[in-house]
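These are the residues of each chain, in order.
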Amino acid sequence: MYFCTMKNRKEIIKGSNDRDILIDITFPLKSNNKLIVFSHGFKGFKDWGCFSLMSKIFAQNGFTFLKFNFSHNGTTINNPLFFDDLESFGNNNFSIELNDLSLVVDWSLQNLNIFDITLLGHSRGGSISLIKSEQDIRIKRVVSWASPSDLLSRIDNDRLELWREKGVLFVYNGRTKQNMPLYFQFYNDCQRNRERLDIKTSVSNLKIPQLIIHGDSDSSVDVKESYNLHKWNPNSELF
């Protein structure tokens, strides 16, 4: 069985603002010399749900699979399954995640000796992967899974003045029962980087294969978001 012979490796690299990124890599028994770099979503982490099983399935099929925790996702190196660092979570933003992904790709090229890279991301991680793929010629293909087609419109304008006044809003995590902070710097970063964070532009300009995966009963991100992505790049494949 492949599962008995796979190798796993963990690494810690420096991410945005000199914070650590925890990486784990699953190596196949027989490599096809292709690397998948997986990005988790909002209120997520690399070992959430089926992600570890997914890494084994890909490795079973010859892929080297790398998954990582964004540097400001709220987990820590010593406790990667729980949100012990809410201050870090509150200071996260899309630019930080794009930078983290760049640093992970850089590290991968320097240390794994595999140059065929696919970006795969779940939910917000898929949106970040789409933006990154259009900006980085080293990426060969991109897969988004249940991902928003617009990051900027998800900001709640009705609460904007309160957010500005208080400096923080809280997002409830139903799984952990935590109120998780989002500092106003998040909004400022979105406004400063509106053009860079425009998914429509990124997807429309993609020159590499794009696969869009979305469940039609998704209660968190409506399936219509996938139709937008497919419309903006008719050469994409929608599943």
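Shown above is the structure to which this text applies.
Only a predicted model underlies this, so the values are computations on that prediction, with no experimental measurement involved. (Residues numbered from 1 in each chain as written. Predicted model: local features only at pLDDT ≥ 70, side-chain atom pairs only at ≥ 80, totals over all residues. Heavy atoms only, no water.)

As for the sheet that holds strand β5 (residues 117-122)
Overall, mixed pairing links the eight strands, which are arranged β1-β2-β4-β3-β5-β6-β9-β10 in an open sheet. The sheet is open, and its two borders are formed by β1 (7-14) and β10 (237-238), each paired with just one other strand. Pairing of β1 with strand β2 (residues 20-27) involves eight bridges; the strand directions are antiparallel. By the bridge assignment for β2, Lys7 is matched with Phe27. Against the sheet, helix α2 (residues 51-60) engages β2, β3 (35-39), β4 (64-68), β5 and β6 (139-145), with an angle of about 160° to β4. Contacting β6, β9 (210-213) and β10, helix α9 (residues 224-232) crosses the sheet at an angle of about 165° to β9. (Pairing = 2+ DSSP bridges. Helix = DSSP H or I, 4+ residues; strand = E, 2+ residues; numbered from the N terminus. Contact = heavy atoms within 4.5 Å. Axes fitted to C-alpha atoms, helices over the stretch in contact; angles between N-to-C directions.)

Section: helix α4 (residues 94-111)
In this model, α4 (18 residues) spans 26 Å end to end at C-alpha, consistent with the 26 Å of a helix rising 1.5 Å per residue. Of all the 18 residues making up α4, 13 are buried; the element is thus mostly covered by neighbouring parts of the structure. With a side-chain oxygen positioned 3.1 Å from the backbone nitrogen of Ser95, the residue opening α4 is Asn93. Asn113 lies just past α4 and shows a positive phi near 60°. (Expected span 1.5 Å × (residues − 1). Buried < 20%, exposed > 50% of the residue type's maximum accessible area, 1.4 Å probe, protein only. Polar contact = N/O pair within 3.5 Å; in protein donor to acceptor, adjacent residues only side chain to side chain.)

Description of the packing of α4 against helix α5 (residues 124-135)
Their axes nearest at 10 Å, the elements α4 and α5 cross at an angle of 65°. In terms of their interaxial angle, α4 and α5 are classed as roughly perpendicular. Considering only the axes of α4 and α5, their crossing is right-handed. Within the contact between the two elements, α4 uses Phe94, Glu97, Leu98, Leu101 and Ser102 and α5 uses Arg124, Ile128, Ser129, Ile131 and Lys132. Looking at side-chain class alone, the contact of α4 with α5 contains five nonpolar, two polar and three charged residues. (Parallel < 35°, antiparallel > 145°, perpendicular 65-115°, else oblique. Left-handed = near helix turned anticlockwise from the far one by under 90°. Nonpolar A, V, L, I, M, F, W, Y, C, P; charged D, E, K, R; others polar.)

Concerning the packing of aromatic side chains
On inspection of all chains with the given rule, the structure shows 15 aromatic pairs. Judged by centre distance (5.3 Å) and plane angle (55°), the ring pair of Trp48 and Phe51 falls under tilted. Assessed through its relative accessible area of 34%, Trp48 is described here as partly exposed. For Phe51, a relative accessible area of 1% corresponds to the buried category. An aromatic cluster is defined as three or more aromatic residues linked by ring pairs; in this entry it consists of Phe38, Trp48, Phe51, Phe58, Phe63, Phe65 and Trp145. (Phe/Tyr/Trp six-rings, centres within 6.5 Å; stacked < 30°, edge-to-face > 60°.)

A word on the pattern of salt bridges
Evaluated as defined, the whole model comprises 16 salt bridges. A salt bridge links Asp47 to Lys67; the nearest nitrogen and oxygen atoms lie 2.5 Å apart. Highlighted residues: Asp47 in the loop between β3 and α2 and Lys67 in strand β4, separated in sequence by 20 residues. In this structure Asp47 comes out as partly exposed when scored by relative accessible area, which is 22%. Measuring nitrogen to oxygen at the nearest pair gives 2.8 Å for the salt bridge that ties Arg138 to Asp136. Overlapping salt bridges, with partners in common, bring together Lys10, Asp24, Lys46, Asp47 and Lys67 in one network. (Salt bridge = Lys/Arg side-chain N within 4 Å of Asp/Glu carboxyl O.)

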